[in-house]
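# Observations on the model geometry
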Amino acid sequence: DLATIRDIVETAHTAAKEPHDVTYTEVDAGGVEALWCVPADSNSRTVLLHIHMGGSVVASMHSDRKAAAHIAKAAGTRSLVINYRRSPEHKFPAQIEDVEKAYDWLLGRGYAPENIASVGHSIGGNLAVSLALRLRDRGAALPGAILSISPWCDMTLSCRSIDTNADVDMVLSPGVLKFFRSCWLDGTGVVSHDPRVNLLKADLRGLPPIAVFYGTDELLADEAAMLALRAEAAGNDHYLRPIQGAQHSFIMGAGRVPEVDDAITEMGKWLRRKLRPKGAP
């Protein structure tokens, strides 16, 4: 049953090593449950808005806590990990609405938009980009950067790597993706090729700098690469980084897998270059 599956997925955080010198505080971020991850000596003027994995159905701010803290340490900043509402209890667009509420809350706390990066992996990597699209469409200030890791972009499940990597991705399966999609979209009237949920169908013009990291062994490898190529075609500052042999949401191995730590160090350097604080909150 779903409750048991959720309990099992919550243990995913044990794959990551506890980072040193990080404090955690639970907060209400504009009506959204969230968790501050604050590394010692981190820059208080910049912040990562971190969106967890789980297909909108499983995982939480707690299961992502360690991975988020490792990325925050690499970037020299703090991270706000949000606990967005999950489906099927709360279907689309509840998740992106919660992300947007948390972003507006950060603005209300005094953070400049250019000092905020939206960060996420798996469905969170989709939502990190979708946040910027929603803000652009309502004429609001955009975040300074987007870091999208192992993003689930294509709800049609038609990319080639879903088949070719089926034997090497130990995290995802086509059946799991179909289950997540059903929980998220069934009954909403939103179809799998709708640009509000399918980034490969969305207009990506006018976005902030975007970095896409993905594992070459994951089912979603092709769509992650296609997202970056579409961002390039739309005229955006973009960076695409495949991690050889990495699994889906490989950041969950932070602190234990050298290749993961190297990738997170690279993410941190990219974020430091893109987030240039001009004022203190």
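Our structure is the block above this text.
Because the structure is a prediction, the values reported are computed rather than measured.

Across its full length, the protein chain holds eight helices and eight strands. In terms of principal-axis extent, the alpha carbons of the protein chain reach across some 45 × 40 × 35 Å. In the protein chain, which comprises 281 residues, the share counted as buried stands at 55%. Considering only contacts within the protein chain whose residues lie at least 6 apart along the sequence, 80% involve residues at least 24 apart.

Time to look at the nonpolar core. Ranked by size, the top nonpolar core spans 62 residues in total, and within it L49, L80, I82 and L106 carry the most contacts. Of all the secondary structure elements, the ones that give two or more residues to this core are strand 2 (33–39), strand 3 (43–51), strand 4 (77–82), helix 3 (94–108), helix 4 (123–137), helix 6 (174–185), strand 7 (210–215) and helix 7 (221–233). Ranked by residues supplied to this core, first place goes to helix 4 with eight residues.

Attention now moves to the packing of helix 2 (residues 65–75) against helix 8 (residues 258–274). Relative to each other, helix 2 and helix 8 sit at 50°, their axes nearing to 7 Å. The orientation of helix 2 relative to helix 8 falls into the category oblique. In this structure, helix 2 crosses over helix 8, and the sense of that crossing is right-handed. For the pair formed by helix 2 and helix 8, the contact residues are H70, I71, K73, A74 and A75 on the first element and I264, T265, M267, G268, K269, L271 and R272 on the second. Along the lines of polarity and charge, the residues of the contact of helix 2 with helix 8 split into six nonpolar, three polar and three charged.

On to the pattern of salt bridges, then. The tally for this structure, following the rule as stated, stands at twelve salt bridges. As a salt-bridge pair, D104 and R138 come within 3.1 Å of each other at their nearest N and O atoms. Residue D104 is found in helix 3, and its partner R138 is found in the loop between helix 4 and strand 6 (145–149); the two are separated by 34 residues along the sequence.

Right, let's get into helix 8. For helix 8, with 17 residues, the first-to-last C-alpha span of 25 Å sits near the 24 Å given by 1.5 Å per residue. Within helix 8 the residues assigned to the buried category are V260, A263, I264, M267, G268, W270 and L271. Axial view of helix 8: buried residues confined to an arc of 165°, hence all on one face. Facing away from the buried side of helix 8, by more than 90 degrees, are the exposed residues P258, D262 and K269. If you follow the buried residues of helix 8, they end up packed against strand 3, helix 2, strand 5 (116–121), strand 6, strand 7 and strand 8 (238–243).

So, on to the pairing of strand 8. For strand 7 and strand 8, the ladder comprises six bridges, and the chain directions are parallel. Bridge pairing links A211 to Y239 in strand 8. Taken together, strand 7, helix 7 and strand 8 constitute a β-α-β crossover, and its handedness is right-handed.

With that settled, the discussion passes to the environment of N43. Relative to the helices and strands, N43 is located in strand 3. For N43, a relative accessible area of 22% translates into the label partly exposed. Counting along the chain gives 35 residues from N43 to R78, while the straight-line C-alpha distance between them is 7.1 Å. Among the polar contacts listed, one links the side chain of N43 to the backbone nitrogen of R45, at a separation of 2.8 Å.

Glancing now at the sheet that holds strand 4. Taken in spatial order, the eight strands make up an open sheet running 1-2-4-3-5-6-7-8, and their pairing is mixed. A strand with exactly one partner marks an edge of an open sheet, and here the two such strands are strand 1 (22–28) and strand 8. With direction set aside, neighbouring strand axes in the sheet form an average angle of 20°. Note that strand 3 and strand 5 share five bridges and pair parallel. Pairing of L48 across the sheet is with A117, part of strand 5. On top of the sheet, helix 3 reaches strand 1, strand 2, strand 3, strand 4 and strand 5; it is set at about 175° to strand 3, its chief contact. Sheet contacts for helix 8: strand 3, strand 5, strand 6, strand 7 and strand 8; angle to strand 6, the most-contacted strand, approximately 165°.

Right, let's talk about the environment of I5 for a bit. Structurally, I5 is set in helix 1 (residues 2–10). Each C-alpha atom, one on I5 and one on D21, is 31 Å from the other, the two residues being 16 residues apart in sequence.

Parameters and conventions
Residues numbered from 1 in each chain as written. Predicted model: local features only at pLDDT ≥ 70, side-chain atom pairs only at ≥ 80, totals over all residues. Heavy atoms only, no water. Helix = DSSP H or I, 4+ residues; strand = E, 2+ residues; numbered from the N terminus. Buried < 20%, exposed > 50% of the residue type's maximum accessible area, 1.4 Å probe, protein only. Contact = heavy atoms within 4.5 Å. Core = buried A, V, L, I, M, F, W, Y, C linked by side-chain atoms within 4.5 Å. Axes fitted to C-alpha atoms, helices over the stretch in contact; angles between N-to-C directions. Parallel < 35°, antiparallel > 145°, perpendicular 65-115°, else oblique. Left-handed = near helix turned anticlockwise from the far one by under 90°. Nonpolar A, V, L, I, M, F, W, Y, C, P; charged D, E, K, R; others polar. Salt bridge = Lys/Arg side-chain N within 4 Å of Asp/Glu carboxyl O. Expected span 1.5 Å × (residues − 1). Arc of directions from axis to C-beta. Pairing = 2+ DSSP bridges. Right-handed = clockwise from strand over helix to strand, strands pointing away. Polar contact = N/O pair within 3.5 Å; in protein donor to acceptor, adjacent residues only side chain to side chain.

In short, shape yes, function no, at least from these values alone.
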